[in-house]
Amino acid sequence: MTELTDEQRRDFEAAAFRRLVEHLRQRTDVQNIDLMNLAGFCRNCLSNWYREAAEAQGVPLSKDESREIIYGMPYAEWQAKYQREATPEQLAAFEQNRPRDH
């Protein structure tokens, strides 16, 4: 395996994260509940993790600010444009598999 420097690892991780965020911004058809049900995380989780990382470095971010970074727009705007009502099946799957922190 290729040995990476800490800086390379950080840069590659950051590039992969940016690509994931851009992919999720493009895939507005994929609802957060679908992500939660299939993968156990969603866009809101990413925004929370981002905010926690910033705060760990002494940079305060509000929930709204971190969500806008992930969604590429204010969360309320994303909801109005793209969020659909969850189906009873989606809600049942979410309740069955819900992580403790949601």
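Numbering of residues starts from 1 in every chain and runs along the sequence as written. Residues qualify for local features only when their pLDDT is at least 70, as the model is predicted, and side-chain atom pairs are given and counted only at 80 or more; totals for whole chains, interfaces and linings, by contrast, use all residues. Excluded from the side-chain calculation are hydrogens and water; included are all heavy atoms of the structure.

For the chain, an unreviewed UniProt entry supplies the name DUF1244 domain-containing protein and the organism Chelativorans composti.

Draft legend 1. Region of interest: the state of the cysteines. Put simply, a disulfide is two cysteine sulfurs that come within 2.5 Å. Evaluation of the coordinates by the stated rule reveals 0 disulfides. Here Cys42 stays unpaired: no disulfide links it, and the sulfur of Cys45, its closest cysteine neighbor, is 4.0 Å away. On the basis of relative accessible area, Cys42 is assigned to the buried category, the value being 5%. Burial classification: accessible surface area is computed with a 1.4 Å probe over protein chains only, and a residue below 20% of its type maximum counts as buried, one above 50% as exposed, and the rest as partly exposed.

Draft legend 2. Summary view of the pattern of salt bridges. Think of a salt bridge as a Lys or Arg side-chain nitrogen and an Asp or Glu carboxyl oxygen that are within 4 Å of each other. Summed over the entire model, instances satisfying the criterion amount to 4 salt bridges. Among the ionic pairs, Asp6 bridges to Arg9, the shortest N-O distance being 3.5 Å. With a gap of 3 residues between them, Asp6 and Arg9 both fall in helix α1 (residues 6-26), about one helical turn apart. On the accessibility criterion, Arg9 (36% relative accessible area) is partly exposed. Between Asp29 and Arg27 there is a salt bridge, with the nearest N and O atoms lying 2.7 Å from each other. A run of H or I in DSSP counts as a helix once it spans at least four residues, and a run of E counts as a strand once it spans at least two, with each numbered from the N terminus.

Draft legend 3. Focus on the UniProt feature "domain: SMc04008-like" (unreviewed entry) in the chain. UniProt positions are given in the numbering used here, feature names are shortened, and annotations may be inferred rather than shown by experiment. Mapped onto this numbering, the UniProt entry annotates "domain: SMc04008-like" (unreviewed entry) at residues 30-96. Within the segment residues 30-96, helix and strand shares are 72% and 0% respectively, and the terminal C-alpha atoms sit 20 Å apart.

Draft legend 4. Structural view of the packing of helix α2 (residues 32-39) against helix α6 (residues 88-97). Running from amino to carboxyl end, α2 crosses α6 at an angle of 45°, the nearest separation of the two axes being 9 Å. With respect to α6, the element α2 is oriented oblique. Taken as a pair, α2 and α6 cross one another with a handedness that is left-handed. Facing α2, whose interface residues are Ile33, Asp34, Met36 and Asn37, α6 presents Gln90, Leu91, Ala93 and Phe94. Three residue categories are used. Nonpolar comprises Ala, Val, Leu, Ile, Met, Phe, Trp, Tyr, Cys and Pro, charged comprises Asp, Glu, Lys and Arg, and polar comprises the others, including Gly. Here the contact of α2 with α6 is built from residues that sort into 5 nonpolar, 2 polar and 1 charged. In this analysis, axes come from line fits to C-alpha atoms, helices being fitted only over the stretch in contact, and the angle between any two N-to-C directions falls in the range 0 to 180 degrees. For classification purposes, angles smaller than 35 degrees are called roughly parallel, those larger than 145 roughly antiparallel, those between 65 and 115 roughly perpendicular, and all remaining angles oblique. Here a crossing is taken to be left-handed if its near helix is turned anticlockwise relative to the far helix by less than a right angle, and right-handed if that turn runs clockwise. Any pair of residues with heavy atoms lying within 4.5 Å of one another is described as a contacting pair.

Draft legend 5. Quick look at the packing of α1 against helix α4 (residues 63-71). Following both chains from N to C, one finds α1 and α4 inclined at 80°, their axes separated by 8 Å at the closest point. Relative to α4, the element α1 lies roughly perpendicular. Contacts between α1 and α4 involve Phe17, Val21 and Arg25 from the first element and Glu68, Ile69, Ile70 and Tyr71 from the second.

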